Amino acid sequence: AGVVYINNILYSYKGEMPMGTVLQIKPGTSVINPMAFRHCNTLRRVYIPFSVNTIGAAAFEGCTALDSLDIPSSVRVIGDMAFAYCDSLRVLTIPESITHVGGQAFERTPWYDGLPDGEIYIGKVLYGYHGVMPYAATIAVREGTECIAPYALRNCSTLKEVTIPVSVTTIGRGAFENCKGLS
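So, how was this worked out
Residues numbered from 1 in each chain as written. Predicted model: local features only at pLDDT ≥ 70, side-chain atom pairs only at ≥ 80, totals over all residues. Heavy atoms only, no water. 1 Å grid on protein atoms, 1.4 Å probe; cavity = no way out; pocket = protein on both sides within 12 Å on 5 of 7 lines; lining within 4 Å. Points joined across faces, edges and corners; volume = space filled by probe spheres on them. Helix = DSSP H or I, 4+ residues; strand = E, 2+ residues; numbered from the N terminus. Nonpolar A, V, L, I, M, F, W, Y, C, P; charged D, E, K, R; others polar. Buried < 20%, exposed > 50% of the residue type's maximum accessible area, 1.4 Å probe, protein only. Contact = heavy atoms within 4.5 Å.

**Q** Honestly, the layout of surface pockets in this entry has me stumped. Any pointers?
**A** Of the volumes computed, that of the largest pocket is approximately 370 Å³. Considering the residues around the largest pocket, the lining is formed by 19 residues, among which Glu-107, Tyr-112, Tyr-129, Tyr-151 and Arg-154 are closest to the centre. Of all the elements in the fold, those that place two or more residues in the lining of the largest pocket are helix H1 (110–113) and strand S12 (125–130). In terms of residue count, the dominant contributor to the lining of the largest pocket is S12 (four residues). Here the lining of the largest pocket is composed, by residue class, of nine nonpolar, six polar and four charged.

Printed below as a string of structure tokens:
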């Protein structure tokens, strides 16, 4: 039982994980594979080395005991649903180095639920809008933003206008889905 590596990729966790597990990912690892720790509900804490640049889709999805995480500044990409349904994740440090965040990466985490209302930026990414958007709202995406995450403004039906700076090079799928007020 334990962490399975293939070269510099953390591939998965094999076997039964003990209650309250604290993991130190080995230095030199560059990628945490999609679904590597998915539903490892006894994983309490993980230490990610500076060598990691990508956290794959659903890598930690459903890790219900994971309570805090410090993402190093070497990380550029966080995949779809990477930390979704991490019911205990309250403390999260995310660096400005992030250039891509997948859809619903932090869905149903206490960290996300506790954020103030308004636009949510994660690194250089407009990740979403938290709370209820005012009627006929106008958003000016922050200068220097490189990506609008998948589903970032989905169902913001009262959104009337969005100004996107030239720094934005990627707009994720469904970013403006059901934004009926956009003209």
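So much for the structure itself; the text now carries on.
**Q** Mind showing me how you'd approach the side chain of Thr-145 here?
**A** Residue position: Thr-145 is located in the loop between strand S13 (137–140) and strand S14 (147–148). Overall, Thr-145 belongs to the buried group, its relative accessible area being 1%. Look past the residues within four positions of Thr-145 in its chain and what remains in contact with it is Tyr-121, Lys-124, Val-125, Leu-126, Ser-167 and Val-168.

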